[in-house]
Amino acid sequence: MKAVGVSIAKREVRLIDHPEPALVRPDEVKLRILEVGVCGTDREICEFKFGEPPAGSQHLVLGHEAVGEVIEAGTGVTTLKPGTLVVPMVRLPCAVPTCAACVAERQDFCLTDTFPEHGIRRCHGFMTEKIVEREKYLVPVTADLREVAVLVEPLTIMDKALRELDAVATRLPFVGGKRALVLGAGPVGLLGAMAFLLRGYETTVVARSPGTTPNAALTKAIGARYISSRETPVDQWGEVDVIYEAAGSPAAAFESLGALAPNGALILTGVPGAGDFLKFDAGRFVREVVLKNQLIVGTVNAGKASFTGAIASLRLMNQRWPDALRGLITSRSPLESFGSLLLEKPAGIKNVLVL
Ligand SMILES: [Zn+2]
Ligand SMILES: [Zn+2]
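Residues numbered from 1 in each chain as written. Chains lettered and ligands numbered in written order. Predicted model: local features only at pLDDT ≥ 70, side-chain atom pairs only at ≥ 80, totals over all residues. Heavy atoms only, no water.

**Some thoughts on the overall build of the protein**
In plain terms, the rule: Elements are defined by DSSP. Helices are runs of H or I of four residues or more, strands are runs of E of two residues or more, and each kind is numbered from the N terminus. For the radius of gyration, the atoms used are the C-alpha atoms, and the globule rule reads 2.2 Å times the number of residues raised to 0.38. Every residue pair with non-hydrogen atoms within 4.5 Å of one another is taken to be in contact. Computed with the Shrake-Rupley method and a 1.4 Å probe, the accessible areas treat only the protein chains shown as cover for residues. For the purpose of charge, His is not counted, nor are the chain termini; Lys and Arg are scored as positive and Asp and Glu as negative. Think of each charge as sitting on NZ of Lys, CZ of Arg, CG of Asp or CD of Glu.
The helix and strand tally for the protein stands at 10 helices and 18 strands. The C-alpha radius of gyration of the protein comes to 20 Å, within 12% of the 20 Å expected for a compact globule of 355 residues. With respect to the principal axes defined by its C-alpha atoms, the protein has extents near 55 × 45 × 45 Å. Pairs at least 24 apart in sequence give 68% of the contacts found in the protein among residues at least 6 apart. When the accessible surface of the protein is totalled, it reaches about 15,800 Å², and 55% of it is carbon and sulfur. Charged side chains of the protein number 39 positive and 39 negative; the gap between the two group centres comes to 2 Å.

Written out as structure tokens, the structure is:
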């Protein structure tokens, strides 16, 4: 089978011949991969900033945002059958028996940092023709969402963030602020803005680019406000109750705190590299956070409930903004085009490889 393989040791990214996997356990399912989204994480792995092949493998098959079709189900599989569309989960539990998070099937909160992640660390990904995965790590999606299901995984980030937000909001039942700010106008940010709008939030997207980009146009098309941080300083953004950071820029995250209302929450999802040093007034920062009862929450990956939740949200988005949702996917190319999407900085919002 063809696959996009990264060799960290040889520092190369190429189309490789990868063996077709076979069902081993009765609860396993074989998928034909249909589409795989490309994101910044993939590009950083191709820059060898991180990424780790499975033990004993020279390469890592890339890709973690996928939709596939079941083509074979093991004898113990009860909920999936050939023809079912599924989105595979990314992170799998670690093998440490004392990891309470993984024992509870919440590997997105793993305590050991030894978990495998498809296409990222210690486990092959989805930029290949077929994969085998256990039933419990596959989330079914109905055929009406076939065209946009590749967006489920990037949307799970927001679904988990909203669950975190709901959990912390229970401490403030008397505060019901519904003003949201999204930092970053990439796919994660724009999907986050749609999710806020679905919940009735007055939503603003802040990004560096001017208001003339396709991302800005899409922001306005869904009914959110767009602000270019280069053109409008933070003291003119207006006060917000929650900030969803999806830009991976620590400077932007700290700057945005200037717009956060008392009792507000800043949710960080971007993963900047090390060595991103900032000079800022730490005294003022701590004072503001304390005096305003603010919360800063980090969140990574997502559990199964967030995959199911993201699929439900995607269905609502598909009804409310069918064109804008499709507009997030700006290109579909064959697997052989991986080079221009992974090794260069491609134009567009979400680029997708088609198997
Ligand atoms: Zn991704
Ligand atoms: Zn764990």
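**Considerations on the sheet that holds strand S2 (residues 12-17)**
Using the following cut-off: One requirement defines pairing of two strands: DSSP has to find at least two bridges between them.
Read across the sheet, three strands follow the order S2-S1-S4 without closing on themselves; strand pairing throughout is antiparallel. The open sheet terminates on both sides in strands that have one partner only, identified here as S2 and strand S4 (60-61). Here strand S1 (residues 2-7) runs beside S4; their pairing, made up of two bridges, is antiparallel. Across the sheet, the residue bridging to Gly5 is Val61, located in S4.

**Comments concerning the coordination of the zinc ion (ligand 2)**
Operational definition: With water excluded from the atoms, a metal site may look incomplete; its donors are any N, O or S atoms within 2.8 Å, or within 3.2 Å for Na, K and Ca. Metal sites are grouped by the angles between bound donors: all angles between 85 and 135 degrees with four donors is tetrahedral, opposite donors over 155 degrees apart with the others between 65 and 115 is square planar for four donors and octahedral for six, and any other pattern is irregular. Each residue gets one of three labels from its accessible area relative to the maximum for its type: buried under 20%, exposed over 50%, partly exposed in between, using a 1.4 Å probe on protein chains only.
Every protein donor of the zinc ion (ligand 2) is accounted for by Cys94 (SG), Cys99 (SG), Cys102 (SG) and Cys110 (SG), and the metal-donor separations fall at 2.3 to 2.4 Å. The site at the zinc ion (ligand 2) holds four donor atoms, and with the angles between them running 106 to 114 degrees, its shape is tetrahedral. When the donor residues of the zinc ion (ligand 2) are listed from N- to C-terminus, their spacing reads C-x4-C-x2-C-x7-C. Taken as a pair, Cys99 in the loop between strand S6 (85-88) and helix H2 (100-103) and Cys110 in the loop between H2 and strand S7 (117-118) lie far apart in primary sequence, 11 residues in all. For the pair Cys99 and Cys110, one class covers both residues: buried.

**A word on the coordination of the zinc ion (ligand 1)**
Within the protein, Cys39 (SG), His64 (NE2) and Glu65 (OE) serve as the donor atoms for the zinc ion (ligand 1), at 2.0 to 2.2 Å. Sequence positions of the donors to the zinc ion (ligand 1) reduce to the motif C-x24-H-E. Pair noted here: Cys39 is in the loop between strand S3 (28-38) and helix H1 (40-46) and Glu65 is in strand S5 (residues 65-73), with a separation of 26 residues, a long-range link. The exposure class of Cys39 is buried, given its relative accessible area of 13%.

**Some words on the packing of helix H3 (residues 152-169) against helix H8 (residues 304-320)**
Under the convention used in this document: Only the stretch in contact is used when fitting a helix axis, every axis being a line fitted to C-alpha atoms; angles between N-to-C directions are given from 0 to 180 degrees. Oblique is the label for any angle not under 35 degrees, not over 145, and not in the 65 to 115 range, which are roughly parallel, roughly antiparallel and roughly perpendicular in turn. Only Asp, Glu, Lys and Arg are considered charged in this grouping, and only Ala, Val, Leu, Ile, Met, Phe, Trp, Tyr, Cys and Pro are considered nonpolar; every other residue, Gly among them, is considered polar.
With their axes 8 Å apart at the nearest point, H3 and H8 run at an angle of 105 degrees to one another. As far as their axial angle goes, H8 and H3 are roughly perpendicular. Residues Val152, Glu153, Leu155, Thr156, Asp159, Lys160 and Arg163 of H3 pack against Ala305, Ser306, Phe307, Gly309, Ala310, Ile311, Ser313, Leu314 and Met317 of H8. Each residue belonging to the contact of H3 with H8 can be placed in one class, and the counts come to eight nonpolar, four polar and four charged.

**Looking at the packing of aromatic side chains**
To be explicit about the condition: Put simply, two rings from Phe, Tyr or Trp (the six-membered ring, in Trp's case) pair if the centres are within 6.5 Å, and we call them stacked under 30 degrees between planes, edge-to-face over 60, tilted for the rest. By definition, being over a ring means that NZ of Lys or CZ of Arg is both within 6 Å of the ring centre and within 35 degrees of the ring normal.
Scanning all chains against the criterion turns up five aromatic pairs. Here the aromatic residues Phe196, Tyr201 and Tyr244 are joined through ring pairs into a cluster of three or more. Its guanidinium or amino end placed over the ring of Phe115, Arg122 lies 6.0 Å from that ring's centre, counting from NZ or CZ. A cation sits over an aromatic face here: Lys160 above Phe109, 4.0 Å from the ring centre.

**So, the environment of Val300**
By the element assignment, Val300 lies in the loop between strand S16 (295-298) and H8. In the structure, Val300 is positioned 187 residues away from Asp113 in sequence and 12 Å away in space, judged by C-alpha atoms.

**Considering the pattern of salt bridges**
Where side chains of opposite charge bring their charged atoms close, a pairing between them can arise. Worth spelling out the cut-off: We define a salt bridge as a contact between a side-chain nitrogen of Lys or Arg and a carboxyl oxygen of Asp or Glu at a distance within 4 Å.
One pass over the full model with this rule turns up 24 salt bridges. Close ionic contact of Arg91 with Glu117 constitutes a salt bridge, the shortest N to O distance being 2.9 Å. Pair noted here: Arg91 is in the loop between S6 and H2 and Glu117 is in strand S7, with a separation of 26 residues, a long-range link. Given a relative accessible area of 6%, Arg91 falls into the buried group. For Glu117, a relative accessible area of 8% puts it in the buried group. Among the ionic pairs, Arg163 bridges to Asp159, the shortest N-O distance being 2.4 Å. Of the two residues, Arg163 and Asp159 both sit in helix H3, four residues apart, roughly one turn of that helix. The exposure class assigned to Arg163 is partly exposed, which follows from its relative accessible area of 39%. You can call Asp159 buried: its relative accessible area is 10%. Each of Glu20, Lys30, Glu72 and Lys130 takes part in a single network of salt bridges with overlapping partners.

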